[in-house]
Amino acid sequence: ARTTTMKRASRIAIATIAMIAIALGVGLGVGLKDDAARASGGSSVSALSGAARTNAVAAALTPRKVTMIPTEGVSTSTSTSGGASRVDGRALAEVQQIDVGAFAATSDYKTAPPASTYVDSVSTEIFGTPNMILCFCATTNWTDNLNTGPYIAELDPYNCMGEGVKGQSTYRWVVNATGADLKDPTDTRDFKVNIWVHLYDNPQMPHVDTELVVKRDDVVVKADKVLVKNMTFTYQTQPGTQVTMIGAVRTECEVSDADSDCTATGVTWWEKQTMNSQSMEMGARQRTVNGTAKASFVTQDNNQALQPGNLVTTDTHVKMTVNGNNYCDKLQNRSFFGEMYGAYDSTGKKVKIQSYATLEANGTDGNAYRAGMNYPGNLYIYSHDDFGNALNNSQQAIAAAAFSDGNQVAEIVDWNDPSQNVLKRLKIQKGVLYKMTTTVQPASNYKGATLTSGYWDIGASASVEIKFKYDETTSQLMLTSKKTGSGANSIATPRALTLADVGNQVVYCWGSIFGQGSASLLNLTHFKVSGAEPVTPGSLSNNLELTCGENCIDTSTLATLNQYGNQFYSSPNGYSDARSTYKKFLFNKDSGSLKEDVSGTLGADVVYDENNQFF
């Protein structure tokens, strides 16, 4: 049995939130009114029942990222009457059309909760800390563990922090959630969730106590949707840490019995950090009515200085002041992100699609060790045990041996039910060969995406950085930014891109829309786009003989190689490299191994040394 000692999370006075709301509200001239009456717990006639109602309530209670700019204009219809689209902002191409209207009313598809969206623009800079914590809280599945007592939730920090390597680290937090039975509309208990956060890799503030509170009467069911009038989330570090932090987030929705949806929404955030006797307070207040938002906030800039800011939206634009800079953007350029996508089979049953797995293997010392495996097959052996303790050198060696090639391992399916573990045989193949493909694509395929490029201006003896994007209205590439050297942007108003803007040459450009590939701008209408496709063992009919031109890998140096080793594969170009630098390698079509071929003799596998800490 596992015994965990927990400290009660410190409550943060809601009065503090009220004070910061008043202070920020002065800049807005607005404020959300208190509910005069919480009558009947939102007992309006509802189209939701059974599993659909339970799932919708659970989704509404799950904290989501808070945002400054409204998401109005994105379809989130969840009508169960005719197989409504559950796609936000984009559609997935189907190989074969599926009649979702034929799914049973009790199917996973028809009872799935509403899809949610948020706008990333500005919000990341303002709500960085609270959104990260809210993201973690959303992954603890507390709505599935109501009134079951404290439990341990294992979380991958990569999913909410975007740092490090997916699957390489695991946080283990203690969660205790109480509240009304989601399947019982007559249960009137309020919801309260305490999460005791342990950031073992953050010595400045390793422990954070959090609490989320939602009054049962504030959960309102309206037709096919569930609204939450007020949700309060507080967080605080434990005393004695290098950085002390206390903060609160409150989301609000104004809705009466006669309303079918929120008539106004708002977000209030306040945070105070103290380090070395110096402290600073940050906060934000936002209110949205009929798709128009106003906000006022105080945030920290890159120089650690506090900066006031504000924001207002119209029907078509958002105007804001952030870190002393003024911006005016079209609302149609908002970056929408979905919190979660669901995949369903041809019967409407939800299917599990994942690119990772948690594996467990027994060591020679009798202890179980774990590792994370991620697409396309990277394996990372956990460096800490279930309690956050680092493995010593002996334990690390035992763990490495337990996950050796050919060993039997178990894939963990359900942490609470080991009987569901699936036994697997580990097959380790180090290294992935990618086949590069190139196609010419029209610029219209990348409409709305901002791309960056640059070149060297010989006349000015300076580098030039430009940003441009395809404008759907004018059907052409528009130049939005141009900087020469360390100078400022010289493009005040976007205009049509010209060849002179790119130095009358083919230029390399980059943007997340190209994924793992890259692209070059050939002219004002087309890109040459390169893609990368993994070559899997067994997919080739013959072994591949590959020739490297220069800066070729030397396997004898891989144990000590670092970022300054200047070793990589360069294709022979036939004019500037020397034949004496050429090396030949053989890629085995069956095993996927890559070895240097020296006069017919194959050398060692060309893979990074696993004992090299740099890799």
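Residues numbered from 1 in each chain as written. Predicted model: local features only at pLDDT ≥ 70, side-chain atom pairs only at ≥ 80, totals over all residues. Heavy atoms only, no water.

Draft legend 1. Focus on the overall build of the protein chain. A count of helical and extended segments in the protein chain gives 6 helices and 36 strands. Buried positions account for 37% of the 615 residues belonging to the protein chain. Of all intrachain contacts in the protein chain linking residues separated by at least 6 positions in sequence, the fraction that spans at least 24 positions is 53%. Accessible surface computed for the protein chain: about 33800 Å², of which carbon and sulfur atoms make up 49%. (Helix = DSSP H or I, 4+ residues; strand = E, 2+ residues; numbered from the N terminus. Buried < 20%, exposed > 50% of the residue type's maximum accessible area, 1.4 Å probe, protein only. Contact = heavy atoms within 4.5 Å. Areas by Shrake-Rupley, 256 points an atom, 1.4 Å probe, with all protein chains shown as cover.)

Draft legend 2. Representation of the state of the cysteines in the model. A full pass over the atoms with the stated rule returns 2 disulfides. Here C253 connects covalently by a disulfide to C262, the sulfurs 2.0 Å from one another. An S-S torsion of about -100° defines the bridge between C253 and C262 as left-handed. By relative accessible area, C253 is classed as buried at 5%. C548 shares a disulfide with C552; S-S distance 2.2 Å. Negative torsions about the S-S bond denote left-handed disulfides, and the value of about -105° found for C548 with C552 makes this one left-handed. Neither C548 nor C552 differs from the other in exposure class; each is buried. (Disulfide = S-S within 2.5 Å.)

Draft legend 3. Summary view of empty space enclosed by the protein. Scanning the model with the defined rule gives 4 cavities of 30 Å³ or more in all. Its volume calculated, the largest cavity comes out at about 70 Å³. As for the largest cavity, its lining consists of R53, V57, A180, D181, L182, D184, P185, D187, F191, R216 and V219. Counted by class, the lining of the largest cavity contains 6 nonpolar, no polar and 5 charged residues. (1 Å grid on protein atoms, 1.4 Å probe; cavity = no way out; pocket = protein on both sides within 12 Å on 5 of 7 lines; lining within 4 Å. Points joined across faces, edges and corners; volume = space filled by probe spheres on them. Nonpolar A, V, L, I, M, F, W, Y, C, P; charged D, E, K, R; others polar.)

Draft legend 4. Summary view of the nonpolar core. Grouped together as the largest cluster of nonpolar side chains are 55 residues, with contacts concentrated most on L61, M68, W142, F191 and L311. What L311 contacts, discounting residues up to four positions off in sequence, is M68, I69, A293, K294, A295, F297, V318, K319 and M320. By size, the runner-up hydrophobic cluster in this structure holds 20 residues, among which are L451, V464, V507 and L521. (Core = buried A, V, L, I, M, F, W, Y, C linked by side-chain atoms within 4.5 Å.)

Draft legend 5. Just the sheet that holds strand β20 (residues 356-362), in detail. Ordered by their spatial adjacency, 5 strands build an open sheet running β22-β21-β20-β23-β24, and the pairing between neighbours is antiparallel. Strands at the two margins of the open sheet, each flanked by one partner only, are β22 (378-381) and β24 (422-425). For this sheet, the mean inter-axis angle between neighbouring strands, taken without regard to orientation, is 35°. Strand direction decides the pairing type here: strand β23 (residues 408-411) and β24, joined by 4 bridges, are antiparallel. In the strand pairing of β24, A410 is matched with L423. Seen against the sheet, helix α6 (residues 393-402) touches β20, β21 (368-374) and β22 and runs at an angle of roughly 60° to β21. (Pairing = 2+ DSSP bridges. Axes fitted to C-alpha atoms, helices over the stretch in contact; angles between N-to-C directions.)

Draft legend 6. Seen up close, the sheet that holds strand β32 (residues 526-534). Pairing is antiparallel across the open sheet formed by 8 strands, whose spatial order is β25-β32-β31-β30-β26-β27-β28-β29. Of all strands in the sheet, those bounded by a partner on one side alone are β25 (434-442) and β29 (495-496). Direction of pairing for strand β31 (residues 518-521) relative to β32: antiparallel, over a ladder of 4 bridges. Residue pairing for β32: S520 is matched across the bridge by K528.

Draft legend 7. Looking closely at the pattern of salt bridges. Applying the stated rule across the entire model yields 15 salt bridges. One salt bridge in this structure joins E154 and R370, with 3.8 Å as the shortest N-O distance. One end of the pair, E154, is in strand β3 (residues 151-155); the other, R370, is in strand β21, and 216 residues separate them in sequence. With a relative accessible area of 17%, R370 lands in the buried category. A salt bridge links K447 to E472, with the shortest nitrogen-to-oxygen separation between them at 3.6 Å. In this pair, K447 is assigned in the loop between β25 and β26 (451-457) and E472 in the loop between β27 (462-471) and β28 (476-484), connecting sequence segments 25 residues apart. Given a relative accessible area of 43%, K447 falls into the partly exposed group. Connected through salt bridges with shared partners, the residues E154, R172, E360 and R370 form a single ionic network. (Salt bridge = Lys/Arg side-chain N within 4 Å of Asp/Glu carboxyl O.)

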